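A closer look at the structure
What follows is the residue order along each chain.
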Amino acid sequence: MPRGRYALYDPHDHTPLGVEQFHCAPGPSGWRYVSQVTSPSGDRAGSVDLAIDALGRPLRMELQATDWRVRGAAIDGVSWVRTDSSGAHATEGNAAAHAFTGTSPAFLVAATRLLRLTPDAPATRLRLVALTAPVLAPRTLDQSWALLKSEAHGTDNDPLIVDEYQVNELDTGEQHSIHIAGDVVLAAPGIELEDLDTPPSSFP
């Protein structure tokens, strides 16, 4: 069960956004990721709890940021309930999308499990519902994903397989690279792996 720490920052101007302490593990029904997010000043800023099934679909997703919370799952596309801390402003939503996304590295790993790309496969389009702090307002966006290469890197134990993905934001034309090993994001825009106490888990 990998445990570690990601530093989160603005991908455009590199302003620090906080730290995400996480642990994650695959299981017989899929994969689960749990984390706590703290602000640059050290205050608690939110949490992530994401469970996906063996096909990469979100079985349960719960995000919290400041005074807002969103719970969602893959139902008729994806469905969610967004509410404030008082519960007075709860709203339900649904979109014809494949999954959720946000600032947490968990969503990048979940996307790779959903797509199951191979290096020789063409780019695949993915429709996502984005939920970003501080208010977690839902926004539907389209991306295309391609697996550029998989490389084995020597370690003291087994070789570490690192996958490099190219992701295109279809609404803006932005393009970026993401490096993932098993269920841990090694590098991505706005994400830096600062600490990892055990090697990434491999998926079957």
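Chains are numbered independently. Their residues run from 1 in the order of the written sequence. Local features are withheld for residues below a pLDDT of 70 in this predicted model, meaning they are given only at 70 or higher, and side-chain atom pairs are given and counted only at 80 or more; totals for whole chains, interfaces and linings count all residues. Hydrogens and water molecules were not included; the side-chain quantities draw on all heavy atoms of the structure.

**Observations concerning the overall build of the protein**
Defined as follows: The helix count covers DSSP runs of H or I at least four residues long, the strand count covers runs of E at least two residues long, and both are numbered beginning at the N terminus. C-alpha atoms define the radius of gyration in this analysis, and the globule rule sets the expected value at 2.2 Å times the number of residues to the power 0.38. Burial classes follow relative accessibility: with a 1.4 Å probe on protein chains only, a residue under 20% of its type's maximum area counts as buried, one over 50% as exposed, and anything between as partly exposed. Here, residues are in contact when the closest pair of their heavy atoms is within 4.5 Å. Using a 1.4 Å probe, the Shrake-Rupley method yields the accessible areas, and only the shown protein chains count as cover for residues. When charges are counted, Lys and Arg contribute as positive and Asp and Glu as negative, whereas His and the chain ends are disregarded. In plain terms, the charge of a residue is placed at NZ if it is Lys, CZ if Arg, CG if Asp and CD if Glu.
Counting its secondary structure elements, the protein contains 1 helix and 15 strands. Computed over its C-alpha atoms, the radius of gyration of the protein comes to 16 Å, within 12% of the 17 Å expected for a compact globule of 204 residues. For the protein, the spread of C-alpha atoms along the three principal axes comes to 55 × 40 × 35 Å. When each of the 204 residues of the protein is scored for burial, the buried share is 44%. Residue pairs in contact within the protein that sit at least 24 positions apart in sequence constitute 39% of those at least 6 positions apart. Accessible area for the protein stands at about 10500 Å²; split by element, carbon and sulfur atoms hold 51% of it. Between the centroid of the 15 positive side chains of the protein and the centroid of its 26 negative side chains there is a distance of 7 Å.

**As for unusual backbone geometry**
In this model, A133 is joined to P134 through a cis peptide bond whose omega is 10 degrees. Positive phi is not limited to glycine here, since H14 has a value of about 65 degrees. Along the chain, the position of H14 falls in the loop between β1 (3-9) and β2 (16-27). Even without glycine at this site, R116 takes up a positive phi of about 50 degrees. Within the secondary structure layout, R116 lies in the loop between α1 (106-115) and β10 (124-132).

**What to know about α1**
In terms of burial, α1 is a largely internal element, 9 of the 10 residues being buried. Backbone geometry just downstream of α1 places R116 in the positive-phi region, at approximately 50 degrees.

**Side note on empty space enclosed by the protein**
Rule in force here: Cavities and pockets are found on a 1 Å grid laid over the protein atoms alone: a cavity is a set of points where a 1.4 Å probe fits but cannot escape, a pocket is an open set with protein on both sides within 12 Å along at least five of seven lines, and a lining residue has an atom within 4 Å of such a point. Grid points are joined across faces, edges and corners, and a volume is the space filled by probe spheres set on the points. As a working rule, the residues Ala, Val, Leu, Ile, Met, Phe, Trp, Tyr, Cys and Pro are called nonpolar, Asp, Glu, Lys and Arg charged, and the rest polar, with Gly in that last group.
Going through the model one piece at a time under the given rule, you end up with 1 cavity of 30 Å³ or more. If you add up the space inside the largest cavity, you get close to 100 Å³. Residue lining of the largest cavity: 17 residues in total, with A99, F100, F107, A110 and A111 positioned closest to the centre. Of all the elements in the fold, those that place two or more residues in the lining of the largest cavity are β4 (44-53), β9 (99-101), α1, β10 and β11 (137-153). The greatest single-element share of the lining of the largest cavity, amounting to 5 residues, is contributed by α1. The residue inventory of the lining of the largest cavity, partitioned by class, reads 13 nonpolar, 3 polar and 1 charged.

**Here we look at the layout of surface pockets**
Of the volumes computed, that of the largest pocket is approximately 1200 Å³. Forming the walls of the largest pocket are 45 residues, and the residues nearest its centre are P11, G102, T103, S104 and T132. Its residues assigned to classes, the lining of the largest pocket shows 23 nonpolar, 16 polar and 6 charged. Considering only enclosed or pocket space, the second largest pocket measures out at about 510 Å³ in volume. Around the second largest pocket, the lining comprises 21 residues; the ones closest to its centre are I161, A181, G182, S201 and S202. Elements supplying a minimum of two residues to the lining of the second largest pocket: α1, β12 (160-169) and β13 (175-181). For the lining of the second largest pocket, the element with the highest residue contribution is β12, accounting for 4 residues. When its residues are assigned to classes, the lining of the second largest pocket shows 11 nonpolar, 6 polar and 4 charged.

**Brief notes about the pattern of salt bridges**
Counted only if it meets this: Any carboxyl oxygen of Asp or Glu within 4 Å of a side-chain nitrogen of Lys or Arg constitutes a salt bridge here.
Using the criterion set out here, one finds 11 salt bridges in the structure. The partner of D171 in a salt bridge is R139, with the nearest N and O atoms 3.7 Å apart. In this pair, D171 sits in the loop between β12 and β13 while R139 sits in strand β11, placing the two residues 32 residues apart along the sequence. Connected via shared salt-bridge partners are R32, D49 and R60.

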